[in-house]
Amino acid sequence: MEAKLKAALELSVVKSKGSKSGGCISEGKVFETENGDIFVKVNSEAKADVMFEGELEGLKEVKKTNTVRVPTPIKVVDLKSSGYCLVMEYIEMSGLSKYAEQLGEQLARMHLFNINLQASGSSINKSNQDEQPVYVDKFGFHTTTCCGYIPLVNSWKDDWVEFYAQQRLDHQIKLLTSSYGDRELTELWSELSLKIPSFFEGIEIKPSLLHGDLWSGNAAETKKEPVIFDAAVFYGHSEFELSIADMFGGFPRSFYNAYHNILPKEANFDKRKDLYKLFHCLNHWNHFGGGYRSSSLSIMRRLLKNL
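Residues numbered from 1 in each chain as written. Predicted model: local features only at pLDDT ≥ 70, side-chain atom pairs only at ≥ 80, totals over all residues. Heavy atoms only, no water.

The protein chain is annotated in an unreviewed UniProt entry as protein-ribulosamine 3-kinase from Araneus ventricosus. Regarding the protein chain, the relevant UniProt record gives this comment under Sequence similarities (unreviewed entry): "Belongs to the fructosamine kinase family." (UniProt positions renumbered as here; feature names shortened; annotations may be inferred.)

As structure tokens, then:
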């Protein structure tokens, strides 16, 4: 691998410093170079290039906001028979603790970044992504990103409710139907899909740049600031970000308080939070199997009951 990294990155020194966590589905490695240490995520799956190219573009998009620190992405490298890797800046990190409140503030400002650009009067649904940020007036992303290893359908849509129902929930349910043929899932979805617009009555939704998979395992801190990583970026409703935030251990109360001091909750926030959690439960069902069936169906029943 060292030789391939040297050639791809035009480096003369690439020396292994050992392994680090690369998330749930990839392997992580750290290398010393003449330009500083790099972190390399490696995956041997056939479509790992799609996953890593999406992550690279997402990190670039977050970095342009200058709101919250992410590792600087460098390059996706084809390792031939060994798969692909994503090369990025190596950051020495520890578990998020004293900077949880700061992360809540920074995340809210990241969510407001695109909305605040609207005043400039310029908008895109496609652009040269290396240019200065301009207001994005649609929901989606300019390339495929992945939540885990499953590609997200990021085609641009004007309407968030349509985008979320079709390109997030329905897409996951079709994958599950293909794999499991679950009759109860199909029946609940046929009923819930008709009710989704009612969860959004009375609120205006503008596209926010989202990390997309911000659970506690994808956040940490340096000695100076919080850091987020392993992103599944797209432009969507800011509330979607908080749906997975309190799953799998969650974040401290200070994180939420700081976030909502900048972006207060709107009417029926908790019901929509459940609707957004449904995506993550379905996505985990698709990734990890039937252990997530019960939680997925329970959310669907609860959403229908509480309408």
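A. Main features of the domain arrangement of the protein chain. Partitioning the protein chain into structural domains gives domain 1 (13–89) and domain 2 (94–122 + 130–306). Computed from C-alpha coordinates alone, the two centres of domain 1 and domain 2 are separated by 23 Å. Every contact between the two is made by 19 residues of domain 1 and, on the other side, 27 residues of domain 2. In total, about 2000 Å² of surface goes out of reach between domain 1 and domain 2, with carbon and sulfur atoms giving 70% of it. Together, Glu-61, Thr-67 and Arg-69 form the three largest contributors to the area buried by domain 1 at its contact with domain 2, with a combined 26%. Inspection of the region where domain 1 meets domain 2 yields two salt bridges. Between Glu-225 and Arg-69 there is a salt bridge, with its nearest N and O atoms 3.2 Å apart. One can count five residue pairs in polar contact (both at pLDDT 80 or more) joining domain 1 with domain 2. (Domains from an automatic or database assignment. Contact = heavy atoms within 4.5 Å. Buried area = accessible area lost by both parts, 1.4 Å probe. Salt bridge = Lys/Arg side-chain N within 4 Å of Asp/Glu carboxyl O. Polar contact = N/O pair within 3.5 Å; in protein donor to acceptor, adjacent residues only side chain to side chain.)

B. Up close: the nonpolar core. Grouped together as the largest cluster of nonpolar side chains are 65 residues, with contacts concentrated most on Trp-160, Leu-169, Phe-200, Phe-255 and Met-300. Both of domain 1 (13–89) and domain 2 (94–122 + 130–306) provide at least three residues apiece to this core. Dropping the residues within four chain positions of it, Met-300 is found in contact with Ile-173, Leu-185, Leu-188, Trp-189, Leu-192 and Leu-278. (Core = buried A, V, L, I, M, F, W, Y, C linked by side-chain atoms within 4.5 Å. Buried < 20%, exposed > 50% of the residue type's maximum accessible area, 1.4 Å probe, protein only.)

C. Region of the structure containing the packing of aromatic side chains. Tallying each qualifying case throughout the model produces 19 aromatic pairs. Relative to Trp-160, the ring of Phe-139 has its centre 5.5 Å away and its plane inclined at 55°; by these criteria the two rings are tilted. Residue Phe-139 is found in the loop between strand E8 (135–136) and strand E9 (146–147), and its partner Trp-160 is found in helix H4 (residues 160–180); the two are separated by 21 residues along the sequence. With a centroid separation of 6.4 Å and an interplanar angle of 10°, the aromatic rings of Trp-160 and Phe-234 are classed as stacked. Of this pair, Trp-160 sits in helix H4 while Phe-234 sits in strand E14 (residues 234–236); the two residues are 74 residues apart in sequence, bridging distant segments of the chain. By the burial criterion, Trp-160 is buried, and Phe-234 matches it. Feature note: the residues Phe-139, Trp-160, Phe-163, Tyr-164, Phe-200, Phe-234, Phe-240, Tyr-276 and Phe-279 constitute an aromatic cluster, connected by ring pairs. Positioned above the aromatic ring of Phe-234, the side-chain terminus of Arg-168 is 4.2 Å from the ring centre. (Phe/Tyr/Trp six-rings, centres within 6.5 Å; stacked < 30°, edge-to-face > 60°. Helix = DSSP H or I, 4+ residues; strand = E, 2+ residues; numbered from the N terminus. Lys NZ or Arg CZ within 6 Å of the ring centre and 35° of its normal.)

D. Spotlight on the pairing of strand E3 (residues 38–43). Counted residue by residue, E3 has six buried out of six residues, so it is predominantly covered. Burial along E3 is two-sided: the residues Ile-38, Val-40 and Val-42 and Phe-39, Lys-41 and Asn-43 are all buried. Where strand E2 (residues 27–33) and E3 come together, five bridges link them in antiparallel fashion. The residue of E3 that forms the bridge with Val-30 is Phe-39. As consecutive antiparallel partners, E2 and E3 are separated by four residues, and within that stretch Gly-36 has a phi angle of approximately 110°, a positive value. Direction of pairing for E3 relative to strand E5 (residues 84–89): antiparallel, over a ladder of six bridges. By the bridge assignment, Ile-38 is partnered in E5 with Glu-89. (Pairing = 2+ DSSP bridges.)

E. View of the sheet that holds strand E6 (residues 94–95). In space, the three strands of this open sheet follow the order E6-E12-E13, with antiparallel pairing throughout. The two strands at the open ends of the sheet, each matched to only one other strand, are E6 and strand E13 (226–228). Relative to E13, strand E12 (residues 219–221) runs antiparallel, the two sharing three bridges. Within E13, the position partnered with Ala-220 by the bridge is Val-227.

F. Expanded view of the layout of surface pockets. If you add up the space inside the second largest pocket, you get close to 250 Å³. Looking at the second largest pocket, it is lined by 18 residues, and the ones nearest its centre are Ile-115, His-237, Ser-238, Leu-263 and Glu-266. Those elements giving two or more residues to the lining of the second largest pocket turn out to be helix H3 (100–117) and helix H6 (253–262). Here the element with the most residues in the lining of the second largest pocket is H3; it accounts for three residues. Class assignment of the residues belonging to the lining of the second largest pocket gives a composition of eight nonpolar, five polar and five charged. (1 Å grid on protein atoms, 1.4 Å probe; cavity = no way out; pocket = protein on both sides within 12 Å on 5 of 7 lines; lining within 4 Å. Points joined across faces, edges and corners; volume = space filled by probe spheres on them. Nonpolar A, V, L, I, M, F, W, Y, C, P; charged D, E, K, R; others polar.)

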